[in-house]
Amino acid sequence: MPLIEDLCDRLKVPNTHRELAILTARYHTLVHRALELRPETVLTLLENCDALRRPERFAELLLACEADARGRTGREDAPYPQVGYLRRMLTAAAGVTLTESERGDLEGVEIGAEIRRRRLAAIAALKASMAPTPP
């Protein structure tokens, strides 16, 4: 990250581009391995990238990761299913709600924990539904 920050400082790169460069450097390996990740790791990736609040920036991260993968010799036309996969995982997580009646006596941190638990369940269910069926 220091090399990216130094380069951005020297070239006076706008903050939005700087943030994307740092985000990409930090998380590109996880995005490349997305299909192998456990549901917990997928949710943590979405949270750490602030994908639920900033889906447009997450889309830019996915584009940068796809460019990274396809920028390697011989991989220019290789499929990159990680983009579609992570978009579907984000949609599943973002679709989780907690109604007033479901909140019941939950407060503050408990509400956040319950929403996270439900997001994890949604991601796990989606991942299970996408798993290849044995012959």
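Look up: the structure comes first, before these words.
Residues numbered from 1 in each chain as written. Predicted model: local features only at pLDDT ≥ 70, side-chain atom pairs only at ≥ 80, totals over all residues. Heavy atoms only, no water.

Participant: How do you make sense of the overall build of the protein when you look at a structure like this?
Facilitator: Summing up its helical and strand segments, the protein has seven helices and zero strands in all. Going from N to C terminus, the protein has its helices and strands arranged as α-α-α-α-α-α-α. The principal-axis extents of the C-alpha atoms in the protein amount to approximately 50 × 45 × 20 Å. Burial statistics for the protein: of 135 residues in total, 32% are counted as buried. Residue pairs in contact within the protein that sit at least 24 positions apart in sequence constitute 64% of those at least 6 positions apart. With 20 positive and 20 negative side-chain charges, the protein shows a spacing of 4 Å between the two charge centroids. (Helix = DSSP H or I, 4+ residues; strand = E, 2+ residues; numbered from the N terminus. Buried < 20%, exposed > 50% of the residue type's maximum accessible area, 1.4 Å probe, protein only. Contact = heavy atoms within 4.5 Å. Lys, Arg positive; Asp, Glu negative; His and termini not counted. Charge placed at Lys NZ, Arg CZ, Asp CG, Glu CD.)

Participant: Can you help me understand the packing of helix α4 (residues 55-70) against helix α5 (residues 82-94) in this one?
Facilitator: The geometry of a pair of packed helices is captured by two quantities: the angle between their axes and the separation between those axes. For the pair α4 and α5, interaxial distance at closest approach is 10 Å and the crossing angle is 160°. Taken together, α4 and α5 sit at an angle that is classed as roughly antiparallel. You can see that α4 and α5 cross each other, and the crossing is right-handed. When α4 is examined against α5, the residues P55, F58, L62 and E66 are found in contact with a partner set consisting of V83, L86, R87 and L90. (Axes fitted to C-alpha atoms, helices over the stretch in contact; angles between N-to-C directions. Parallel < 35°, antiparallel > 145°, perpendicular 65-115°, else oblique. Left-handed = near helix turned anticlockwise from the far one by under 90°.)

Participant: Explain the side chain of Q82 here, please?
Facilitator: Looking at the secondary structure, you find Q82 in helix α5. Here H32 takes part through its backbone oxygen, which lies 2.8 Å from a polar atom of the side chain of Q82. Those residues in contact with Q82 that lie beyond four places of it in its chain are V31, H32, A34 and L35. (Polar contact = N/O pair within 3.5 Å; in protein donor to acceptor, adjacent residues only side chain to side chain.)

Participant: Just checking my understanding: could you explain the nonpolar core for this structure?
Facilitator: Within soluble globular proteins, side chains that are nonpolar generally end up buried alongside one another. Counting residues in hydrophobic clusters, the biggest one holds 28 residues, and the most contacted among them are V31, L46, F58, L61 and L86. Residue assignment for this core shows that the elements contributing at least two residues are α2 (15-32), α3 (39-48), α4, α5 and α7 (109-130). Residue contributions to this core peak at seven residues, all from α5. Residues within four places of L46 in sequence aside, it is in contact with A51, L52, F58, M89, L90, A93 and I123. (Core = buried A, V, L, I, M, F, W, Y, C linked by side-chain atoms within 4.5 Å.)

Participant: Would you take a moment to explain the environment of R103 for this structure?
Facilitator: The residue R103 is located in helix α6 (residues 100-103) in this model. Overall, the relative accessible area of 28% leaves R103 in the partly exposed class. For the pair R103 and I115, spaced twelve residues apart in sequence, the C-alpha separation works out to 9.8 Å. Setting aside anything within four residues of it in sequence, one finds R103 in contact with L98 and I111. Of the polar contacts made by the side chain of R103, one reaches the backbone oxygen of L98; its length is 3.5 Å.

Participant: What's the story with α3 in this structure? I'm lost.
Facilitator: Residues separated by three or four positions in an α-helix point in the same direction, a consequence of the helix having 3.6 residues per turn. Within the sequence span of α3, burial applies to P39, V42, L43, L45 and L46. Along the axis of α3, the buried residues cluster in a sector spanning 155°; they form a single face. Positive phi shows up at D50, right after α3, with a value of about 60°. (Arc of directions from axis to C-beta.)

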